[in-house]
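These are the residues of each chain, in order.
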Amino acid sequence: MGGLQYSSATVLLFLALGLATALDNGLARTPPMGWMSWTAFYCEIDCVKHPTGCINEQLYKDMTDRLAEDGYLEAGYHSVHIDDCWSEMERDSNGVLVANKTRFPSGMKALAKYMHDKGINFGIYEDYGTKTCGGYPGSYQHLKTDAETFAAWDVDYLKLDGCNINLDLMPIGYPEMGRELNKTGRPIIYSCSWPAYLVDQPQKVDYNLIGKWCNTWRNFDDINSSWKSIQSIINYYDHNQDKHIPTHGPGKWHDPDMLVIGNPGITVDMSLAQMTIWCIWAAPLIMSNDLRIIGKEFRDILLNKEAIRINQDRMGIMGRLVANTTDIGLYVKPLSSESPEVSLSFAIAILNRNLSTPKSVQFHLKHLGLTNQFGYRVREIWSGKDYGRKMPHDEVEIRVNPTSAALFRADPLAGNEPRFEKKPEMPWWWL
Ligand SMILES: *[C@@H]1O[C@H](CO)[C@@H](O)[C@H](O)[C@H]1NC(C)=O
Ligand SMILES: *[C@@H]1O[C@H](CO)[C@@H](O)[C@H](O)[C@H]1NC(C)=O
Ligand SMILES: *[C@@H]1O[C@H](CO)[C@@H](O)[C@H](O)[C@H]1NC(C)=O
Ligand SMILES: *[C@@H]1O[C@H](CO)[C@@H](O)[C@H](O)[C@H]1NC(C)=O
Ligand SMILES: *[C@@H]1O[C@H](CO)[C@@H](O)[C@H](O)[C@H]1NC(C)=O
């Protein structure tokens, strides 16, 4: 079957990572996990019409309760993030941001305490420009005050958006906010939307510089609850993986945007696809959905321990697309293993982008660079199917639904053959 693209250099590239330094604040050593309001609730501020679906303190308290009580916190989702539209339209007479008094009557510090008492971190949103994307006061010329305000409110994570500002100021302003956050002395994870505003000017994006100042950053369009959106993000990341992979790791994460699992328009299959690809990328897992009414089949995907374990692997390597046909993308991610003297473990993802037809896929481990001579124990995460011991030359086969994905874990079995000495012997034209 034609259209297949495979590079024999691929597997060797796995080792060329972690060369750039990360922001030195010791934070976000594994991809951030939590819940954020934007893609589920946007800028809904009419709490009369939408009493349980507007941006107010009750919404964030409700989600805090759901994280704490429904297994999410235990699974690793430990932050609740406010997005745009939380503040009043004017700063106070000292130039300090004020939360909307009608919708956040208790104030942000009290909301932080509510979260912290339940073991949940508090994330907030601002914008480097003169105004936020929603038209609320931005941080431009107020960076120091705002950093101090957030620290005083016990904020743990700041998402700094990039609307309403000259793009050429970004390499000045984003680092400046980073310095101001640092000076407060409070550990605050710093998420920068910086490169997302440079999508059309890729020559201006320096991920080594961005990774020096930011713990995580958005680099492409906002997600929405549609397959088209998920697919467009995956396609963008696939095409830019040579830039992304070497600049991704502990403390510095490319953020493909929120998980939309559980929202209207997103099927179980699409949910499996998004969770699989976000996990194989070691991407932040920040949900935006309504956890008060989410169906069990979606919750189970979000809470899958094996998928999260792949995502949170301590090496933090972003998986690579190593083969691509019209319908199928195949990704491989090296994982730390319990016996590194033997071999690494791996995750393998198979995405079926076809809109209507299930596809059968066969592959040989050795063609993906899994060459441990004693083989691997291979399991598929979503079906729970155990394939037993598979040798590098054995074929593994799976059927994947349209707009869905399979996710394998392969753990090396005992032996002491050194790895990564040989290139894969041949590309696998017979996918
Ligand atoms: C606070 O939010 C309400 C909507 O819930 C809005 O009507 C009001 O104008 C906002 N107040 C300020 C000062 O921005
Ligand atoms: C501030 O930066 C220094 C040096 O980069 C770092 O060691 C320290 O942990 C940072 N502190 C905070 C609160 O981010
Ligand atoms: C969702 O995202 C896709 C892909 O970017 C876009 O074409 C579509 O218009 C978006 N839908 C909405 C409702 O914004
Ligand atoms: C993978 O193949 C699909 C379908 O032909 C194509 O749209 C996409 O651009 C390809 N991705 C890469 C990274 O080549
Ligand atoms: C899906 O697969 C079918 C059957 O192989 C094929 O005819 C169709 O072109 C594929 N593409 C899409 C976009 O569904």
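Residues numbered from 1 in each chain as written. Chains lettered and ligands numbered in written order. Predicted model: local features only at pLDDT ≥ 70, side-chain atom pairs only at ≥ 80, totals over all residues. Heavy atoms only, no water.

Caption draft 1: Main features of the domain arrangement of the protein. According to the domain assignment, the protein contains domain 1 (8-311) and domain 2 (320-412). The distance between the C-alpha centroids of domain 1 and domain 2 comes to 30 Å. Taken residue by residue, the interface counts 28 residues in domain 1 and 30 residues in domain 2. Buried surface at the junction of domain 1 and domain 2, summed over both partners, amounts to about 2600 Å²; 65% is from carbon and sulfur atoms. Counting across the domain 1 and domain 2 interface gives two salt bridges. Here Asp-242 ties to Arg-320 by a salt bridge, and the two come within 2.9 Å at their closest N and O atoms. Inspection of the domain 1/domain 2 interface yields seven residue pairs in polar contact (both at pLDDT 80 or more). (Domains from an automatic or database assignment. Contact = heavy atoms within 4.5 Å. Buried area = accessible area lost by both parts, 1.4 Å probe. Salt bridge = Lys/Arg side-chain N within 4 Å of Asp/Glu carboxyl O. Polar contact = N/O pair within 3.5 Å; in protein donor to acceptor, adjacent residues only side chain to side chain.)

Caption draft 2: Region of interest: the sheet that holds strand β7 (residues 253-255). With respect to topology, eight strands assemble into an open sheet ordered β7-β6-β5-β4-β3-β2-β1-β8, the strand pairing being parallel. Of all the strands in the sheet, the pair left with one neighbour each is β7 and β8 (285-287). Put simply, the sheet's adjacent strands are angled 25° from each other on average, direction ignored. Here strand β3 (residues 121-127) runs beside strand β4 (residues 157-161); their pairing, made up of five bridges, is parallel. Bridge assignment links Asp-127 to a residue of β4, and that residue is Asp-161. (Pairing = 2+ DSSP bridges. Helix = DSSP H or I, 4+ residues; strand = E, 2+ residues; numbered from the N terminus. Axes fitted to C-alpha atoms, helices over the stretch in contact; angles between N-to-C directions.)

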